[in-house]
Protein chains: 2
Amino acid sequence: MTMSPLLTSAVMHFGEMGSRWGFNRTVGQILALIVLHDEPISAQEIADALNISRGNTSMGLKELQSWRLIKQHLVPGERKEFFIPAGDIWVLANRVFEERRKREIDPTMSLLRDLILDNPANQSDANAQSKLTEIHDLLESVTEWSQELQGLGPEKLNKLMKLGAGVGRMLEFKDKLITGKNTVN
Amino acid sequence: MTMSPLLTSAVMHFGEMGSRWGFNRTVGQILALIVLHDEPISAQEIADALNISRGNTSMGLKELQSWRLIKQHLVPGERKEFFIPAGDIWVLANRVFEERRKREIDPTMSLLRDLILDNPANQSDANAQSKLTEIHDLLESVTEWSQELQGLGPEKLNKLMKLGAGVGRMLEFKDKLITGKNTVN
DNA sequence: ATAAACTTTCAGTAATTTCTGAAAGTTTAT
DNA sequence: ATAAACTTTCAGAAATTACTGAAAGTTTAT
């Protein structure tokens, strides 16, 4: 399998960006290749196309599966395994989001909870704790909020996004319109 | 300057997480130290507290300034420079968000725009382009949306977050309430 | 102009991360 | 049971990233 110039530049770029998105170069490349190539593709084909060892390919595929970004696809009559994206672009974006939250936020939340519970040895520790509490609460809000958004599903989320600048205005209405009824708040 | 056990564990943790948040271990530690220590702190004190070289400290401070997370603080009568956080936790969180957007999303958007404009050499390139377009549009929405949220400022943003599950419901109202007036949409 | 008190830079080194490829493992067919 | 066609693992090598510390740079004071 030989990549077209278009595919090549997309794949190379996703490789470069990979490390910024939480995985390494080859993992980024493999993901791009699987997503952009509409046919299911085998590990060997991936290794050939990207010029990487079969072993590295195997590790990369394993990682992408742990992120739930790709899945196996059995082709009847073929012995080897093929791979395809785990869903459409929306699903993949959500998975990346969620997985990163797990790695980037959850461990910190957990530590912060513990640190906040200790009783402070002195004034400056008490100060530090109040900062840590602020950070904790912020992260908690962000986490809940992002879970909320995921729960909305693509259509509503898209609607919300399209709303853009309207959000601020909507919030002002909200107090007048929703307050009083037994709903949020 | 010697760090209390509380401060030490917070600083060490932010160091570990640093790489996941887009900077390296020492940069994460320096940031935590500056944020949690309420007094302005000098480069030398940082180097001593964290047991890192003065050179490394200088580089770390430079990086944090490029992220606009810390700023210099001149103490009258003192020759050396002191450092303090560039703002409250909200400001810092916004800055990290924005800076990461610049590094993680903007370059990709720019490449995607280019790739989408090329005319496809064949059917499978055309397919790939349509996927790339989906990705582009998604990233664009996310970007616009996050800029929108930043524009709201902390109070409104907090209100919106507290709204939580109400967002879905609010969206349903929205069509009925706002449509017709010459506003969004 | 000199020196003192600092900060920055950067070549070389150390630490960490990623990759290879050979060996071990698995599955299916005969 | 053996072999063929695959996949996974992992020790060591290669590549990348981070850190040190000495030298060069800057600023302020005298």
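Residues numbered from 1 in each chain as written. Chains lettered and ligands numbered in written order. Predicted model: local features only at pLDDT ≥ 70, side-chain atom pairs only at ≥ 80, totals over all residues.

Before we go on, may I ask you to explain the environment of Phe14 of chain B in this structure?
Residue and element names in this part refer to chain B. Locating Phe14 in the fold gives a position in helix H1 (residues 5-18). When the C-alpha positions of Phe14 and Leu74 are compared, they lie 26 Å apart, and in sequence the two are 60 residues distant. Leaving out residues up to four positions away in the same chain, Phe14 has contacts with Gly28, Gln29, Leu31 and Ala32. (Helix = DSSP H or I, 4+ residues; strand = E, 2+ residues; numbered from the N terminus. Contact = placed C-beta atoms within 7 Å.)

I keep staring at the domain arrangement of chain A and nothing clicks. Help me out?
One frequent convention defines the size of an interface as the accessible area lost when the parts assemble. Entries for chain A in the domain assignment read domain 1 (5-85) and domain 2 (105-178). Distance between the C-alpha centres of domain 1 of chain A and domain 2 of chain A: 34 Å. (Domains from an automatic or database assignment.)

I keep staring at the packing of H1 of chain B against helix H2 (residues 25-36) of chain B and nothing clicks. Help me out?
Relative orientation and spacing of two packed helices are given, respectively, by the angle between their axes and the distance between those axes. All names here are of chain B. Direction vectors running N to C along H1 and H2 enclose 140 degrees, while the axes themselves pass 7 Å from each other. The angle between H1 and H2 places the two elements in the oblique class. Here H1 runs over H2; the crossing is right-handed. Counting all contacts with H1, which are made through Leu7, Ala10, Val11, Phe14, Gly15, Met17 and Gly18, the residues of H2 involved are Arg25, Thr26, Val27, Gly28, Gln29, Leu31, Ala32, Leu33 and Leu36. A per-class count over the contact of H1 with H2 returns 10 nonpolar, five polar and one charged. (Axes fitted to C-alpha atoms, helices over the stretch in contact; angles between N-to-C directions. Parallel < 35°, antiparallel > 145°, perpendicular 65-115°, else oblique. Left-handed = near helix turned anticlockwise from the far one by under 90°. Nonpolar A, V, L, I, M, F, W, Y, C, P; charged D, E, K, R; others polar.)

In this structure, what is going on with the sheet that holds strand S2 (residues 70-73) of chain B? I would like to understand it.
Hydrogen bonds between backbone atoms are what pair the strands of a sheet, whose relative direction is either parallel or antiparallel. Residues and elements named next belong to chain B. Taken together, the three strands give an open sheet; going across it, the order is S1-S3-S2, and neighbouring strands pair in antiparallel fashion. If you trace the sheet from one side to the other, it starts and ends with strand S1 (41-42) and S2, each paired once. As paired elements, S2 and strand S3 (residues 82-85) share four bridges and run antiparallel to each other. Note that in S3 the partner of Ile70 across the bridge is Pro85. In this fold H2 packs onto S1, S2 and S3, with an angle of close to 80 degrees to the strand it touches most, S3. (Pairing = 2+ DSSP bridges.)

What exactly am I supposed to notice about the relation of the copies chain B and chain A here?
The two chain copies are related to each other by a rotation about an axis together with a translation along it. Relative to chain A, chain B is turned by 180 degrees and slid 0.0 Å along the rotation axis, the superposed coordinates differing by an RMSD of 0.1 Å. One copy is carried onto the other by what is essentially a two-fold rotation axis. When the interface residues of chain B are mapped onto chain A, 98% of them again lie at the interface, so the same face is used by both copies. (Least-squares fit on C-alpha atoms with pLDDT ≥ 70 in both.)

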